[in-house]
Amino acid sequence: MTHTIRKATADDAGPLAALAAVTFPLACPPSSSPSDIAAHLANTLSEAHFAGYLADPDITVLVIDADGPLTGYSLLVDRPAADPDVSSALTLVPSVEISKCYVHPDYHGLGAAAELMHVSLEAAAAAGAAGAWLGVNSQNARAIRFYEKSGFRKVGTKSFRLGSTVEHDFVLERPLL
């Protein structure tokens, strides 16, 4: 199945926040509290935050557009990693962070995530990056398998604050061809 993937526009900020409210909780460990998830959504994935991401020249947001509600998105950050645990783990520089890569659960298993990842990696390569990296919760086995199938390998660890909880993420990296 082929999916329409395009660069997001300012008009997508609200639909992106609505999609994030559905997809982000799926990436959280089962022990995550609803209040921590809600705080993260409000502090990072709100419509206002997406508007800011879309206005930032170092950030590219790609969306899967199904002629209706958005069904997936990725957010690429083209600047050096600020986290010292990440920057010390990366071996490929310059590197683009794939900060978010989510697909609505109704589209899981249909190839949408693989297509979105492929286009995201092409965009990172077009930006001149030697590699791409991402953080994934160490308990998210499904996402880890997907990223490994996409060519990523574990190069380190980092902490991730989810509301009042500190989560532990793997740092994954892959070369861009």
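For the structure, see preceding data.
Description of the structure in this document.

Conventions used here
- Residues numbered from 1 in each chain as written.
- Predicted model: local features only at pLDDT ≥ 70, side-chain atom pairs only at ≥ 80, totals over all residues.
- Heavy atoms only, no water.
- Pairing = 2+ DSSP bridges.
- Helix = DSSP H or I, 4+ residues; strand = E, 2+ residues; numbered from the N terminus.
- Axes fitted to C-alpha atoms, helices over the stretch in contact; angles between N-to-C directions.
- Contact = heavy atoms within 4.5 Å.
- Polar contact = N/O pair within 3.5 Å; in protein donor to acceptor, adjacent residues only side chain to side chain.
- Salt bridge = Lys/Arg side-chain N within 4 Å of Asp/Glu carboxyl O.
- Buried < 20%, exposed > 50% of the residue type's maximum accessible area, 1.4 Å probe, protein only.
- Core = buried A, V, L, I, M, F, W, Y, C linked by side-chain atoms within 4.5 Å.
- Parallel < 35°, antiparallel > 145°, perpendicular 65-115°, else oblique.
- Left-handed = near helix turned anticlockwise from the far one by under 90°.
- Nonpolar A, V, L, I, M, F, W, Y, C, P; charged D, E, K, R; others polar.
- Arc of directions from axis to C-beta.

Spatial strand order, β1-β2-β3-β4-β5-β7-β6: 7 strands in an open sheet with mixed pairing. Each edge of the open sheet carries a strand with a single partner, namely β1 (5-7) and β6 (153-162). Averaged over all neighbouring strand pairs, the angle between strand axes comes to 30°, with direction disregarded. Helix α2 (residues 34-44) contacts β4 (95-103), β6 and β7 (165-175) of the sheet and is inclined by roughly 95° relative to β6.

Within the element layout of this structure, N140 appears in the loop between β5 (131-137) and α6 (141-149). At a separation of 3.1 Å, a polar atom in the side chain of N140 contacts the main-chain amide nitrogen of A143. With residues up to four places along the chain from it excluded, the contact list for N140 reads L26 and A27.

Here we take up the pattern of salt bridges. Inspection of the entire model under this criterion finds 5 salt bridges. Put simply, R6 and D12 hold a salt bridge, and the shortest N to O gap is 2.8 Å. Accessibility expressed as a relative area gives 6% for D12, which makes it buried. The shortest N-O distance in the salt bridge between R79 and D56 comes to 3.2 Å. Of the two residues, R79 is situated in the loop between β3 (70-77) and α4 (84-89) and D56 in the loop between α3 (47-55) and β2 (59-65); the sequence distance between them amounts to 23 residues. Among the charged side chains, a salt-bridge network with shared partners connects R6, D12 and D65.

What follows concerns the nonpolar core. Counting residues in hydrophobic clusters, the biggest one holds 23 residues, and the most contacted among them are I98, M117, L134, Y147 and F152. Counting residues per element, the ones that place at least two in this core are β2, β4, α5 (112-126), β5 and α6. Those residues within four positions of Y147 in sequence are excluded, and the remaining contacts are C101, M117, L134, V136, F152 and L172.

Two numbers describe how helix α1 (residues 13-27) lies on α2: the axes approach to 10 Å, and their chain directions differ by 135°. By the angle between their directions, the pair α1 and α2 is classed as oblique. Crossing of α1 against α2: the hand is right-handed. Residues A20, A21, F24 and P25 of α1 form the contact with α2, whose participating residues are I37, H40 and L41. Its residues assigned to classes, the contact of α1 with α2 comprises 6 nonpolar, 1 polar and no charged.

For the rest of this paragraph, the subject is the pairing of β7. Note: β5 against β7, 7 bridges, orientation antiparallel. When the sheet's bridge partners are listed, V136 is paired in β7 with F170. Counting the residues between successive antiparallel strands, the hairpin from β6 to β7 contains 2 residues, one of them, G163, with a positive phi of roughly 60°.

What follows covers the environment of S32. Assignment of secondary structure puts S32 in the loop between α1 and α2. Through-space distance from the C-alpha of S32 to that of Q139 is 11 Å; in sequence the pair is 107 residues apart.

Turning next to α6. Within the sequence span of α6, burial applies to A143, I144 and Y147. Taken around the axis of α6, the buried residues stretch over an arc of 100°, which confines them to a single face. In this structure, α6 carries R142, R145 and K149 as exposed residues pointing more than 90 degrees from its buried face. For α6, the secondary structure elements touched by its buried residues are β4, α5, β5 and β7. Phi turns positive one or two residues past the end of α6, at G151, with a value near 100°.

All quantities given are derived from atomic positions and should not be read as evidence of function.
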